[in-house]
Amino acid sequence: MNHHTIELDDVSVSLGEVDALRDVSLSVDAGEFLGLVGPNGAGKTTLLRTINGVITPDSGAVRLDGTAVTELGPRGVSRHVATVPQDTSVSFAFSVEDVVRMGRTPYRARTDLTGDEADREAIERALERTEMADLRDRPITAVSGGERQRAFVARALAQDTPALVLDEPTASLDINHQVGVLELVGELIADGRGAVAAIHDLDLAARYCDRLALLADGELQAVGDPETVLSDEHLRPAFDTRTAVTPDAVTGTPSVTAIAEPRRDRNAHVHVLGSGATAARALTKLWQAGFEVTAGPMPSGDTALSVAAELDIEAITAPPLSGPGESALREAQEHCRTAAVTVLADPEVGPDGTVLELAESSGRPILVETRPLEARNHGGQDVRERYRDLESRALTASIHGLVPAIAETIRPQAVPADD
Amino acid sequence: MRMGLRIGVWTVGLTVTLFVVTVTSAAIGPVALDLPTVAKATLNAVGIPAGLDVGIVETSVLSLSVPAPTVDVRYAYPFSFGVPGTAETIVRDVRLPRIALGGVVGFALASAGAVMQGFFRNPMADPSIIGVSSGAAVGAVATIAFPIAFPFGLQTAAFAGALVAAFVVYAIATENGRTPVATLLLAGVAVQTFLGAVISYLLLHAGESLERAVFWLMGHLHSSSWAEVEVTLPVVLVTFFGLLAYARDLNALMLGEEDAQTVGIAVERTKRILLALSSIVTAAAVAVAGVIGFVGLIVPHVMRLLVGPDHRILLPTSALAGAAFLVATDTVARSNPAPLPVGIVTSALGAPFFLYLLRRREVHEL
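### Focus on the overall build of chain B
Then, in step 1: Scanning chain B from terminus to terminus reveals 14 helices and 2 strands.
Then, in step 2: In summary, chain B has a C-alpha radius of gyration of 21 Å against a globular reference of 21 Å for 366 residues, a match within 12%.
Then, in step 3: Taken over the C-alpha atoms alone, chain B extends approximately 60 × 55 × 45 Å along its principal axes.
Then, in step 4: Buried positions account for 51% of the 366 residues belonging to chain B.
Then, in step 5: The contacts of chain B with a sequence gap of at least 6 include a subset with a gap of at least 24, amounting to 77%.

Structure representation (structure tokens):
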């Protein structure tokens, strides 16, 4: 029978009065990287500690390759699973090689002080693999945080186990080392190991893990591929905040942004025209400020559109090349006409001047520009003239000044003049 | 392999140092002797256990004559250089017993200190931290002050007192089979304070034996005999090699207990063994020499600066350096016009040196 590399079966742990884990069932197979995500205090570290045998669950079982952790004992467990601890700061000046050698503890005989050939080979391989061979004689207290993390990964490698447990392997590392360490773990998994890592950074977790398990308050909220687990539906209750999940511009994997909920309802309709990052930021700002926001037309696949979708903002979609159809345009026109304010966020201006037409039909345009018109003008001299007209008529605001600018524009209407 | 070589080189080097210190020390005294003579006489005194003589002796228990078995160790003496009789007697019977006992005690205290500092991950730890010395002192002072109430012999009482105190501290600090080192440290401090009160009370009522008791408390080697060496040395050596077998476990423990468990160390069991062995090795030393401070603190500390934190090398080098250090300081103590207890000398040298390390921030590296 084929066993899971790591298997948790209805595991519950209470630490003092607190239920740290409740009925958690999970499994990790060879060649799989499972990321544990969730807020602080969700039970991620506790779960890892049940796997490496540091904590014995109050109920339920943890099995490594089919054998219960409780039956294996510390030495047995340490031959199945190696741990890269969260806190790798060492206050004693052991050399890097000394630290890596500690990974051989599960295999050595008590009377053997210097280690045998197998030990030396395993240590050598681990140092090579993690590119730590050149630093082997350096005191672990005198290498950088990223190198120290690699030294502990090397120790885990020397331990020669089918499973790896990593507790926040990227916390407190610079971004280059974060990626370096996770790339390395990825390679080790490709060799056929199974790994579980608690990862605080949701984007990194999505990028490197095959599956994610979302924990909150000691309970498993969702398990599955990153695209499934990282959704506002799952994240909002777990983190107690609104989130927007958009594909990362570089890696294409889900990227999570927490967004503060609107603090008040402004009861005013704002329509957003434009596309790209500026439009996306404008949408988020306006949504957070509590406006009733609509958007579009925006080319399908645009960043701003995915933000709109995450925030449940009504947005009109246009096919990317052919421009908006008749009905989409009518709808947008209606929005521009009824909105208290229309925001033009870095609008791309085509030869037909659709955006300009829409802006002209709106009462109070506000222009937010981060890129020069030349970069957005696809319509030539004629269009430029019309754009200049609009510019002179519109209010100009920066992204940060957008909400105050709108408030300013709306006020005279809301508060009747004294005379 | 490299580690094996390093251990070998350091061990040989320190053994030679110890021999040089021993010979030099044996040459110093009221009767001046030249070094070559002393060296020969010292080698002549080296005995290797060669066998056991088991005999039956009639002893009286409750006024009945009972045959009891006795065990005598037979020694073989590999060296027999020609040395003048007086010189041989002075070296072998007067000076060497004290030097040898000093060496054994220094060896024991420094190895226990090295282990305790690693165990507690704290440079201020030494064997007395878990109450071993205070326990021994209570046993010894009680025997000195009230010989009729405590007729077990000074060394036995001190040894037993040391182990009882260590066990009590351990038992107080242990809950559900776990012994957190922080709790152990605090329980040790509390028990030490309590035993300090007991010692003060005993001293108050010690009457004429007060001076003897105080002298014992200060740490001394002045009444050493070969018999004490013969009993103490085997205990110290056996426990030392026991500790050495746990050197790698101790290394792993230095990175944290939870971390040690993940590389396969049975943490609580290992801690129990380390505590028991270092308590025994300390008790054996304290029982014959009283409370000699700073050897267990300073020597491992300096060795850690020299050879690094790896206990596979730190433990044997500390032990040998401890032996040489105590032999040297005792030489100072006994060659003083008014002989001093060696504990005064070690503390007087050790404390300033420790403060120097503290100011240089070396201690924080630990």
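### A look at the overall build of chain A
Then, in step 1: Across its full length, chain A holds 16 helices and 18 strands.
Then, in step 2: Taking 419 residues into account, the globule formula puts the C-alpha radius of gyration at 22 Å, and chain A, at 28 Å, lies well above it.
Then, in step 3: Dimensions of chain A along its principal axes, counting C-alpha atoms only, are 95 × 45 × 45 Å.
Then, in step 4: By residue count, 45% of the 419 residues in chain A fall in the buried class.

### Topic: the interface of chain A and chain B
Then, in step 1: Contacts between chain A and chain B engage 24 residues on the former and 24 residues on the latter.
Then, in step 2: At 3 residues, the largest contribution of residues to the side of chain A that touches chain B is made by helix α2 (residues 69-80) of chain A.

### Remarks on the sheet that holds strand β13 (residues 269-274) of chain A
Residues and elements named next belong to chain A.
Then, in step 1: With parallel pairing, the 6 strands of this open sheet are ordered in space as β15-β14-β13-β16-β17-β18. Two strands in the sheet have a free side with no partner beyond their single neighbour: β15 (314-318) and β18 (395-396).
Then, in step 2: Across 4 bridges, the pairing between strand β14 (residues 292-299) and β15 is parallel. Bridge pairing in β15 links Met298 to Thr317.
Then, in step 3: Relative to β13, helix α10 (residues 276-289) is tilted by about 170 degrees, and along the sheet it contacts β13, β14, β16 (341-345) and β17 (365-368).
Then, in step 4: Of the strands in this sheet, β14 and β15 touch helix α11 (residues 303-310), which is tilted by about 145 degrees from β14.

### Overview of the nonpolar core
Then, in step 1: Ranked by internal contacts, the top residues of the largest apolar core, which has 238 residues, are A:Val270, A:Val272, A:Leu283, A:Val343, B:Val141 and B:Ala162.
Then, in step 2: No other element matches helix α3 (residues 85-119) of chain B, which puts 17 residues into this core.
Then, in step 3: Inspection of this core shows a minimum of three residues originating in each of domain 1 (6-241) and domain 2 (269-414) of chain A.
Then, in step 4: When neighbours within four sequence positions are excluded, B:Val141 is seen to be in contact with B:Ile199, B:Leu202, B:Leu203, B:Ala213 and B:Leu217.

### A closer look at the sheet that holds strand β8 (residues 194-198) of chain A
All names here are of chain A.
Then, in step 1: Pairing is mixed across the open sheet formed by 6 strands, whose spatial order is β6-β7-β8-β3-β9-β10. Either end of the sheet is taken by a strand with one partner, and the two such strands are β6 (81-84) and β10 (219-224). Recorded for the sheet is a direction-independent mean angle of 15 degrees between the axes of neighbouring strands.
Then, in step 2: As defined by bridge partners, β6 adjoins strand β7 (residues 163-167) across 4 bridges and the pair is classed as parallel. Among the inter-strand pairings, Val81 is bridged to a residue of β7, identified as Ala163.
Then, in step 3: The sheet strands contacting helix α1 (residues 44-51) are β3 (33-37), β6, β7, β8 and β9 (211-216), and the helix crosses β8 at an angle near 150 degrees.
Then, in step 4: The strands that helix α5 (residues 145-158) touches are β6 and β7; relative to β6, the one it contacts most, it runs at about 170 degrees.

### A few points about the domain arrangement of chain A
Then, in step 1: In terms of domains, chain A is made up of domain 1 (6-241) and domain 2 (269-414).
Then, in step 2: Computed over C-alpha atoms, the centres of domain 1 of chain A and domain 2 of chain A are 48 Å apart.

### Observations regarding helix α14 (residues 342-359) of chain B
Then, in step 1: Here α14(B) is 18 residues long and its end C-alpha atoms lie 26 Å apart, about the 26 Å a rise of 1.5 Å per residue gives.
Then, in step 2: Considered for burial, the residues of α14(B) that qualify are B:Val342, B:Gly343, B:Val345, B:Thr346, B:Ser347, B:Gly350 and B:Phe354.

### Remarks on the packing of helix α2 (residues 35-45) of chain B against α3(B)
All names here are of chain B.
Then, in step 1: Their axes nearest at 9 Å, the elements α2 and α3 cross at an angle of 60 degrees. Where α2 crosses over α3, the two elements pack in a sense that is right-handed. Facing α2, whose interface residues are Thr37, Val38, Ala41, Thr42, Asn44 and Ala45, α3 presents Ala87, Glu88, Val91, Arg92 and Leu96.
Then, in step 2: Classifying every residue of the contact of α2 with α3 by side-chain character gives 6 nonpolar, 3 polar and 2 charged.

### Focus: the pairing of strand β1 (residues 6-15) of chain A
Residue and element names in this part refer to chain A.
Then, in step 1: Pairing between β1 and strand β4 (residues 59-64): 5 bridges, direction antiparallel. Looking at β4, one finds that Glu7 is bridged to Arg63.
Then, in step 2: Relative to strand β2 (residues 18-28), β1 runs antiparallel, the two sharing 7 bridges. Counted as the bridge partner of Val13 is Leu21 from β2.

### Observations regarding the environment of B:Leu244
Then, in step 1: Counting through the fold element by element, B:Leu244 comes out in helix α8 (residues 226-245).
Then, in step 2: In this structure the C-alpha to C-alpha distance between B:Leu244 and B:His311, which are 67 residues apart in sequence, comes to 7.8 Å.

### Things to note about the packing of α3(B) against helix α11 (residues 267-289) of chain B
All names here are of chain B.
Then, in step 1: Contact pair α3 / α11: the axes reach a minimum separation of 9 Å and the direction vectors enclose 150 degrees. Here α11 runs roughly antiparallel to α3, going by the angle between their axes. When the axes of α3 and α11 are compared, the crossing they make is left-handed. Along the contact surface, α3 presents Leu101, Val105, Ala108, Leu109, Ser111, Ala112, Val115, Met116 and Phe119, while α11 presents Leu274, Ser278, Val281, Thr282, Ala284, Ala285, Val288 and Ala289.
Then, in step 2: Of the residues in the contact of α3 with α11, the class split is 14 nonpolar, 3 polar and no charged.

### A short note on the confidence of the model for chain A
Then, in step 1: Mean pLDDT over chain A: 87, with 98% of residues reaching 70 or higher.
Then, in step 2: Below a pLDDT of 50 lies the segment residues 414-419 of chain A, which in the model reaches 0 contacts outside its immediate sequence neighbourhood of four places, other chains included.

### A look at unusual backbone geometry
Residues and elements named next belong to chain A.
Then, in step 1: In this structure, Asp23 takes a positive phi of about 45 degrees despite not being glycine.
Then, in step 2: Mapping Asp23 onto the fold places it in strand β2.
Then, in step 3: Classification of Asp23 by C-beta neighbours within 10 Å gives partly exposed; the count is 15.

### Some words on the confidence of the model for chain B
It should be kept in mind that the predicted coordinates are not to be read in detail where pLDDT is low.
Then, in step 1: A residue-level look at chain B finds 96% of positions with pLDDT of 70 or above and a mean pLDDT of 87.
Then, in step 2: In the predicted complex, the global pTM is 0.80; the interface-specific ipTM is 0.81.

### Examining the environment of B:Leu186
Then, in step 1: Along the chain, B:Leu186 turns up in helix α6 (residues 181-204).
Then, in step 2: Sequence separation between B:Leu186 and B:Val169 is 17 residues; the distance between their C-alpha atoms is 9.1 Å.

### As for the pairing of strand β11 (residues 242-247) of chain A
Residues and elements named next belong to chain A.
Then, in step 1: Here β11 pairs with strand β12 (residues 254-259) via 6 bridges, running antiparallel. In the sheet register, Val245 faces β12, and the bridge partner there is Val256.
Then, in step 2: Here β11 folds back onto β12, and the loop between the two strands holds 6 residues, one of which, Gly252, carries a positive phi near 75 degrees.

Criteria and thresholds
Residues numbered from 1 in each chain as written. Chains lettered and ligands numbered in written order. Predicted model: local features only at pLDDT ≥ 70, side-chain atom pairs only at ≥ 80, totals over all residues. Helix = DSSP H or I, 4+ residues; strand = E, 2+ residues; numbered from the N terminus. Rg over C-alpha atoms; globule rule 2.2 N^0.38 Å. Buried ≥ 20, exposed ≤ 12 C-beta atoms within 10 Å, placed from the backbone. Contact = placed C-beta atoms within 7 Å. Pairing = 2+ DSSP bridges. Axes fitted to C-alpha atoms, helices over the stretch in contact; angles between N-to-C directions. Core = buried A, V, L, I, M, F, W, Y, C linked by C-beta atoms within 7 Å. Domains from an automatic or database assignment. Expected span 1.5 Å × (residues − 1). Left-handed = near helix turned anticlockwise from the far one by under 90°. Nonpolar A, V, L, I, M, F, W, Y, C, P; charged D, E, K, R; others polar. Parallel < 35°, antiparallel > 145°, perpendicular 65-115°, else oblique. pLDDT = per-residue confidence, 0-100.

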